[in-house]
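Working through the structure, step by step
Residue-level listing of the chains:
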Amino acid sequence: MFEYLMNAIDKLEQTVEREERFQLATYKKMPVVAERGDGVWIYTSSGDRYLDLYGGHAVAATGHCHPHVVAAIREQSAKLLFYSNLVYSEARARAAEKLISIAPASLAKAFFCNSGTEANENAMRMARMATGRENIITFSGGFHGRTADAISATFLGKYREIGKPNVPGHLQAEFGEIESVRGLADDSVAAIMLEPIQSMAGVRMAGSEFYEALRGLCDERQIVLIYDEVQTGIGRTGDWFFAGSKAGDAVIPDIVTLAKALGSGIPVGACLVTEEIASHIKENDLGTTFGGGMIAMAAVTATLEAIENDGMLANVREVEEYLRERLKEVEQVVNVHGRGFLLGLEFADKAKPIHEALLERKIITGMSSDAKVLRLLPPLCLGKEEVDLFVNALSGIVLAAD
């Protein structure tokens, strides 16, 4: 046993050293070498297992290595790894049809790309093509990606500074304040784009009347309404989309952008658009080398099927309710923000020590730009048993701190 532990420590240290030596810095990493996953669990090179309540940035919607998704990827990889949109593809046709079938009825066409930031870039481009206008209104606290146009549309902390020199044509409104939007929405504005739940800002939502007012303003002034559902989409809120859901007063935008959970971990993004938007797009207006590739398309179809077959939307709603009830036992949790499995736990003091203490207990959670908010973005298959493990650990941590 001692020899096994020493070998595991050596492997951890070797992996860390190699990544630090050969890879540019990205995120601050946890001291974990992830080797395999199963459902809501991650297993490490040292033989430990971690309860994953973060899902690799909200990606692992169906759970890690869902057998239906793995089988679909394996089957497709034996037939054809890739060909571009220059040819027709059964895998692409099936994925597009399946995705449109679960979308609100007015969203009729799909464009596939590789990531959320690409989806947002293309959504803004399509809005400009459709209106002949240039400006885009986005919101304080919103995050839309790290490519040039998307990061310029981001008004959150340091991110817009990182993206300098910013792309012109971006206007900032205050999230949840319709009069702030109304004062900017003149005839130069092509689109209003928002995360309907601002995840990185601390899982912030507006009142349902705000989304309805945005829809009315866009209709009145011929402005395209874009929902960035990179995190809220594909079942995370307990509905397939925030668009059309009760939480957003059933408002349906003109464009919805997706990524994260869409391929269960295979990189893929998408824009869903109305026929009106689609009518302005001609051949060669949009392009992508890898978007719509066969492996990604097989993953998309299998992901949607797995969520349906396993009843994950109902599970999200049921387990969210159970989690909220259990969290009432933890006095230090002063509020729970968000919907479904996109939740922000607000503490009376900083959340970072709690995040670190949970990691020591082998539970992975996420932080946000709000120092008091801990984020939960678990796989949609999270069960009540795992909720109990989390809440019991959380209770123990806050009691020990008192």
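All of the points below concern the structure found in this document. (Residues numbered from 1 in each chain as written. Predicted model: local features only at pLDDT ≥ 70, side-chain atom pairs only at ≥ 80, totals over all residues. Heavy atoms only, no water.)

1. Looking at the sheet that holds strand β1 (residues 34–38)
Where strands meet in a sheet, backbone hydrogen bonds hold them as pairs that are either parallel or antiparallel. Spatially, four strands are ordered β1-β2-β3-β15 in an open sheet, and the strand pairing comes out mixed. Two strands in the sheet have a free side with no partner beyond their single neighbour: β1 and β15 (363–364). With four bridges connecting them, β1 and strand β2 (residues 41–44) associate as antiparallel partners. Bridge assignment links R36 to a residue of β2, and that residue is Y43. (Pairing = 2+ DSSP bridges. Helix = DSSP H or I, 4+ residues; strand = E, 2+ residues; numbered from the N terminus.)

2. Here we look at unusual backbone geometry
With an omega of 0 degrees, the peptide bond running from K164 to P165 counts as cis. Tracing the backbone shows P165 in the loop between α7 (159–162) and β6 (170–173). A positive phi angle, near 70 degrees, is found at H57, a position not held by glycine. Structurally, the position occupied by H57 is in helix α2 (residues 55–58). Look at Q222: it is not a glycine, yet its phi comes out positive at around 55 degrees. For Q222, the location among the structural elements is in the loop between α9 (208–221) and β10 (224–228). According to the relative accessible area criterion, Q222 is exposed, its value standing at 52%. (Buried < 20%, exposed > 50% of the residue type's maximum accessible area, 1.4 Å probe, protein only.)

Any functional reading would require information beyond the geometric quantities listed.
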